Each structure stands twice: as C-alpha cells, then as structure tokens.
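Residue strings, one per chain:
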Amino acid sequence: MRRHMVAALVLLVATGLGAGPRTWTPEKWFDKAKSPRIANYRIEAVLDFEHKTLEGTETLSWRNTGTAPTQELPLHLYLNAFKGPQSLFVKESGGRLRSDHQDRPAEASSWGYCRLLSVRMEGRELQGHVGEDETVHWLRLPRAVAPGETIHLEITWENRYPKVFARSGWAGDFLMSGQWFPKVGVYQGDRWNCHAYHANTEFFADFGVYDVALSLPNALGLAHTGTQTNFITEIEKDPKRPLNVIWRLHAEDVHDFAWAVMPRESWRKPAMHEYRGVQVFYYIDDRHRGSFQRQRRAVENALRWSEEWYFKYPYPTLTVIDTPEQAEGADGMEYPTLITAGSVGFDPLQRRLEPEQVTVHEFGHQFFYGMLASNEFEEPWLDEGINTWFTHKALERTYHSLLSSRRFRVSTDFLEWGGYWSLPSADPLTRFGFKTLNAHSYSVTAYGKATQVLNQLEAMLGRPVMEQVMRTYAQEMAFRHPTRQDFKRIAERVSGRDLSAFWRDFVEGTEVLDYAIRGARTQEVTQGGWLFSEKGPVFAAPQPAAPGRVGSITLERKGGLKVPITLWVRLENREEQRLVWDGQDRWITYEFNSPVVAAVLDPDGNYPMLKDRLHASYTSKPVRRGFHYWSHLVWGTVAGWLQGCGIG
Ligand SMILES: [Zn+2]
C-alpha cells in the first residue's frame, strides 16, 4: 500500500516537472491492443503462506485463432513438475538445474503440485486426461470450437508450492509464484502446441489481459507483474479472512503473470525510480543495499539501449526482485514486467556478472521472451540467444568489459565464447531445447553458440546493417511469436543478401570454423654440385644463390566448415601480401621468394567464430607470453564451467 503512495507522489512530482500527462491508468494501459489477446485470464486466489498452498479460481477466455475447429484444449499444470520423481522435469534434471538443486527429497514440503478441482464450460463439467506427463492436462470440450469463436472456461484448482530449486516455490520466508495457474497451450493452424515442462526448456504462451485478485496475509510485501488497481483508496480487507488483504492486479498484452511475497519492510516499501516513463520498483535484499546503485544503473541502461536499438519498452511498470540467497533457483528469471536479478553483497573485483550481466539479461527478456515470444520449447535460441547477444552489446556500450585491469580486458561475450567452444558440435541451433544432448549442450546452443552466430552475422553484414536487421525484426515481430524463418526472411530483406549458405553452415549445421597456421619454413637457396660439361662432369662446391633465402607457410583447415579465408604475410624483404584460400582442401602451402616474418589469418576479423586466434598468427621472433595471454587462458578454463551454471 505504502509503495503506491510513493508511486503517486513521484507521479505528481514528475507531472509537475513537465513530464506530461500519462497515457495509461492502472486499469487500462493501452487504447489499442498491442497483441491479439487470445488467452485472457481473470484469477482469484487465496494464499496460505504458512502451508505454502494456494486455492484459485480462474476464468479463461480463449479465442480460436487457428484454421480448424478444435474439441480439445490442453492446460499446462507446470507445478506438477515438482509433484514427484516421476515427472519428466525431475527425471531429466536429476533434481539439479541452473546452479541449484533439490533439497531434502524425502520431505513432503520439498515437493509441490497443481491439482485441478473442476473445469466447466457452458455449465458442463469437463473431462480430461493426463498428457505427456502430469504437467499437461487435456480437456475434452462439449463441442467443437470454430475458428474465430471465443469460449470461457471456469477452472478451480489448488497449488502446493515446492521448495524452490527451479524458478518457482518457497525458501525461508520468500515465495516465488511463477508458473502457478492452469494455463492454456497455443493453438496454431490445426494443432495444439503444448509441451510438457522439461528441465531444459522454458515456455510458450499466447498474449492476453490478466486481472488477478490475490488474498494475502497483510504482513506480506508483494512484487508482481503489472499494475495494482486498488491502491487509490485502500487495499481491501478480505471479508472472509480478517488477517488478509486483497491485492487487485492488472496487465495487458502479456503472456504470463508472476508474483512473489516476503514479509519484509523493504518489500512493503520497495524503492521506486522512474526512468523514461517506466515506474521501476526495486525489491532489495537488505544485505545487498551496497550494490543497489549498480543494479539500478544496469536496469536503466538496459531500458535505454533496448529503446534505442529496438523500440520503447511499452509497459508502465517494471519490477526488479533481488532474490534472497537461499532462493537461488528463483534467481535470474524473467516474467512479463517482472525480473529476478540478484545482486551481491561483497564484490571487491567489481566483476560485471552480478548484478550487471544478470540484470541486463533478464531485462532484455522483456523483448525476446516477453514481447516477441518465440516458442522457447522448440527454438530457445530466438529468446536466450538473441537476448544474450543484446546483453553483450548493452554491457559493452555501458561497461566495455566484464572485468578489466591495466593489463587485460575480458570481453562482454567471453563466457559465451568459452561456452560455445567447450561443446561446439553436439547440437545445431535448430534442436528443440529438450532434445539436446544434455543440459550443457542446451546452454551452448541456446546461449553461447547463438551469440557467436549473431557476432558472425554482424561481421558479414556490417554493424549498421545488422542494427537495422535487429530493429526491423523486433518491431515487425513483436507480439507475433516469430520463428527462425521470420528472422532469416527479415535479415535477407533488410540486408539484400542471400543468407542460405550462412544459415546452412551456422544455424542448421554443427561443423566448426577452425583454421590454423600449421607452420612456416625458411630455406637457403644454393647452387653447385656436379655439373656436366663437354669435358665431362665438373664439381663446384654448393654456395648461396639468388634470391638467397625463400619461405613458405602452410595453412590447415581443422574444422568441417569450408569458407574462403584471407592470409596476410610480411616477408623478410619487407614485401606484404594478402592471399585468399578457398579452404576446400585440408591444407595448403604458399611459397614466397623471401622468408615469412609475420602472418595473420583472417586479418580483417571477418570470422568472429574462428576457433583459435592463438594459432591464427605467426611471427618468426619468439613470443613472450605475458599476463594477457595467461589471464585469457585461465578465463577460458573457467568459462565452460560458468556457462554450465546457466546464468539467466
Ligand atoms: Zn535468459
């Protein structure tokens, strides 16, 4: 409640300073719908905080935007992933995910569920059956629903929240309520897309309007998606529960809704700092007060760069939760208008990992997960990968590096580079998220490789064209569930280039770009030995002849990708040459009439995806391997491990 008095005050001040009248109210954000609003939810729920259970009723209004009638409708019941060890989620993850693990599996409070109590449509109770596992429930509708028609389902259900190890659940006195309500799948063409909750994939849902009323114990502070609509008067007391208050919440043109509670003063009065017309609420862990300004700077830069590069963040609010340490599994997650982005209490090195990298990354999801909303089950890289690339670019513009000193600099995509090269060929980018070799390969394809592939595309197209490609893709495909074909089509149209070879090699392929200078040789040119003349053979002692010394250099293609690559050489006679090798054979030797003193493969940086820069250059003088070299080597070793943590 107090939080919104602060909000109202800031609003008054901002208006007084000439910020202009708002175009939104908490009950109505947009005059014109931004999305097709296919799946709309009206939810009422009561939380039993002590027992970590929730009772809910929801009205789902769903419109068939497919091309055929359907008489069935699947609901995601995501919390059933934590119902027991038989779920696909637990079997696939082994109870470990995203640097957290399941605690005390023998205790009932570690597990949770989402139990449907009743589903009614047009006055009739619906029957159904379990899908791939209990995280999907298929309902049989009383009649076929034609394209264009809207139906309303009345659903009652109850949740028990698990102890959090993957995104949703409780830890101590913190509760993250994500993936918490029965949620319809996506109907496309004449079929439903509604995968089970897998360990390595996230979500896919249609856009809509959410109106959510939560009855919560009044000691709790609430962080939530969207705006609160009943703050102007007073939060209502729950007439049925004297210790509860009802929070009424609203969101438009989003495809999910999440909230979290904690009985802390800092949660009842979150800091609010408006930036570029967006009310940003910060729920800070008291132990991290010191890094709050770092987190705020990261959020504001992410808002700024995304607006300059794609389009303005259109929602009126953004909520940033600094997840408590015991709830690490809930950290680094994105929901519409709400992110969990931890910070740190002690950070003498000022690495830009937390809060900067995580915060910028989770904010970036507002675009690629939130508004573009590709199918994360099937094409996770369109969200995670493009967003990781955005993170790298935004960090580079704001901070220049992840970690730097006078002697070295760790680039902002270094973890992705190291992650990619730790397992480059297991899966193509096109693999479904839950069908990759393992969790590590999921993280490589969704995050690391995708970032490198976009770097590669940028090197091909040039920065201005790439910026135009990304801007056009974001603007044209917002609220439309783009696929990789949409990305390719737009990139080709904007750049005027045929990208089929690039697509085959980097997006659909698993081969690597790995060229190296195998070695250079210098030989003395001598003449002499037995010469035949009319008088018979004559011996002359071999001695130096023109041009004196010659050189050669051998290039090797170690990877499967064949691309033309440039070699620059400088010879002892000071001559410089640029040669282009088509890379069709496994090796080639070039000969010169003077020894090679220096050589560089790909001197123009046309291939950011080239594996081994250490062996892409040659000098005849011995190399002194200084601190720069060794620090990169050490970072390279830890990079794969860090990537495996699946930050974000
Ligand atoms: Zn992410």
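Residues numbered from 1 in each chain as written. Predicted model: local features only at pLDDT ≥ 70, side-chain atom pairs only at ≥ 80, totals over all residues.

So, the overall build of the protein chain
Put simply, the rule reads: Helical segments are the DSSP runs of H or I of at least four residues, strand segments are the runs of E of at least two, and each set is numbered from the N terminus. Burial is judged by counting other C-beta atoms within 10 Å of a residue's own C-beta: 20 or more means buried, 12 or fewer means exposed, and anything between counts as partly exposed, with every C-beta placed from the backbone. Two residues qualify as being in contact provided that their C-beta atoms, derived from the backbone, are within 7 Å of each other.
Secondary structure assignment for the protein chain yields 12 helices and 35 strands. Dimensions of the protein chain, computed from C-alpha atoms along their principal axes, come out at roughly 125 × 55 × 55 Å. Counting over 648 residues, the protein chain shows a buried share of 46%. Expressed as a percentage of contacts within the protein chain between residues at least 6 apart in sequence, the contacts between residues at least 24 apart total 72%.

Considering the nonpolar core
How we decide: The term nonpolar core means buried Ala, Val, Leu, Ile, Met, Phe, Trp, Tyr and Cys residues held together as one set by C-beta atoms within 7 Å.
Ranked by size, the top nonpolar core spans 136 residues in total, and within it A260, V320 and A450 carry the most contacts. The biggest single contributor to this core is helix 8 (residues 439-461), with eight residues. Not counting residues within four places of it along the chain, the set of residues in contact with A450 comprises W381, E384, G385, I386, T388, W389, L429 and T445. Counting residues in hydrophobic clusters, the runner-up holds 19 residues, among them V596, A599, L601 and M609.

Observations regarding the confidence of the model for the protein chain
Condition: In predicted models, pLDDT denotes the confidence assigned by the predictor to each residue on a 0 to 100 scale.
Taken as a whole, the protein chain shows an average pLDDT of 91; of its residues, 93% reach a score of 70 or greater. Contacts of residues 1-18 to residues separated by more than four positions or lying in other chains number 18 contacts, the stretch itself having pLDDT below 50.

Brief notes about the sheet that holds strand 8 (residues 127-130)
Defined as follows: Two strands are said to pair when DSSP picks up at least two bridges between them.
Spatially, four strands are ordered 8-9-3-13 in an open sheet, and the strand pairing comes out antiparallel. If you trace the sheet from one side to the other, it starts and ends with strand 8 and strand 13 (183-184), each paired once. Pairing geometry for strand 3 (residues 70-76) and strand 9 (residues 136-145), over six bridges, is antiparallel. For H76, the partnering residue across the bridge sits in strand 9 and is V136.

Points about unusual backbone geometry
Residue P547 is bonded to the preceding A546 through a cis peptide linkage, with omega at 0°. Here P547 is to be found in strand 30 (residues 536-557). Phi at Q179 is positive, roughly 50°, even though this residue is not glycine. In this structure, T337 takes a positive phi of about 55° despite not being glycine. Relative to the helices and strands, T337 is located in the loop between strand 25 (333-335) and strand 26 (338-340).

So, the sheet that holds strand 33 (residues 587-592)
Put simply, the test is: Here an axis means a line fitted to C-alpha atoms, over the contact stretch when the element is a helix, while the angle between two N-to-C directions is reported on a 0 to 180 degree scale.
Strand order in this open sheet of three strands is 29-30-33, and the pairing throughout is antiparallel. Strand pairing shows two members of the sheet lacking a second neighbour, strand 29 (515-533) and strand 33, which therefore form its edges. Here the average twist between neighbouring strands, direction ignored, is 30°. Note: strand 30 against strand 33, six bridges, orientation antiparallel. Within the sheet, the bridge partner assigned to T554 lies in strand 33 and is T589.

A closer look at helix 4 (residues 292-309)
Selection criterion: A helix is expected to reach a length of 1.5 Å times the quantity of its residues less one.
Helix length check: helix 4, at 18 residues, gives a terminal C-alpha distance of 26 Å against a target of 26 Å (1.5 Å per residue), a fit within 8%. Looking at the buried side of helix 4, the elements it contacts are strand 22 (271-275), strand 23 (278-283), strand 24 (317-321), helix 5 (353-371) and helix 6 (380-399).

Looking at the packing of helix 8 against helix 11 (residues 500-507)
We apply this condition: Roughly parallel means an angle under 35 degrees; roughly antiparallel, over 145; roughly perpendicular, 65 to 115; everything else is oblique. Throughout, a crossing is termed right-handed when the near helix is turned clockwise from the far one, and left-handed when it is turned anticlockwise from it by less than a right angle. Here the nonpolar group is Ala, Val, Leu, Ile, Met, Phe, Trp, Tyr, Cys and Pro; Asp, Glu, Lys and Arg are the charged ones; every other residue, Gly included, is treated as polar.
Look at helix 8 against helix 11: their axes get within 11 Å of each other, and the N-to-C directions meet at 155°. With respect to helix 11, the element helix 8 is oriented roughly antiparallel. Here helix 8 runs over helix 11; the crossing is right-handed. Contact residues: helix 8 offers V453, Q456, L457 and M460, while helix 11 offers F502, F506 and V507. In terms of residue class, the contact of helix 8 with helix 11 is made up of six nonpolar, one polar and no charged.

Some remarks on the pairing of strand 10 (residues 150-160)
Here 11 bridges tie strand 2 (residues 53-63) to strand 10, and the two strands are oriented antiparallel to one another. Bridged to L60 within strand 10 is L153. Strand direction decides the pairing type here: strand 6 (residues 113-121) and strand 10, joined by seven bridges, are antiparallel. Bridge pairing links S118 to T156 in strand 10.

As for the pairing of strand 30
Relative to strand 30, strand 29 is paired through 16 bridges, and the arrangement is antiparallel. Looking at strand 30, one finds that S533 is bridged to G536. Between strand 29 and strand 30, which pair antiparallel one after the other, the connecting turn spans two residues.

Quick look at the environment of F414
Structurally, the position occupied by F414 is in helix 7 (residues 414-422). It is 8.2 Å that separates the C-alpha atoms of F414 and L402, two residues lying 12 residues apart in sequence.

Some points on the packing of helix 4 against helix 5
Packing of helix 4 against helix 5 brings their axes to within 9 Å, and their N-to-C directions diverge by 35°. Judged by the sense of rotation from one axis to the other, the crossing of helix 4 with helix 5 is right-handed. Residues R294, Q295, A298, V299, N301, A302 and S306 of helix 4 lie in contact with helix 5, whose contacting residues are P355, E356, T359, V360, F363, G364 and F367. Broken down by class, the residue content of the contact of helix 4 with helix 5 amounts to seven nonpolar, five polar and two charged.

A word on the environment of P105
One can find P105 in the loop between strand 5 (100-101) and strand 6. Sequence separation of P105 and G84 is 21 residues, and the distance between their C-alpha atoms is 8.9 Å.

What about the environment of R287?
Turning to its location among the elements, R287 is positioned in the loop between strand 23 and helix 4. Judged by the 14 C-beta atoms lying within 10 Å of it, R287 is partly exposed. The spatial distance from the C-alpha of R287 to the C-alpha of W138 is 45 Å, given a sequence separation of 149 residues.

Digging into helix 7
Most of helix 7 sits out of view: seven of its nine residues are buried. Restricting attention to buried positions, one finds in helix 7 the residues L415, E416, W417, G418, G419, Y420 and W421.

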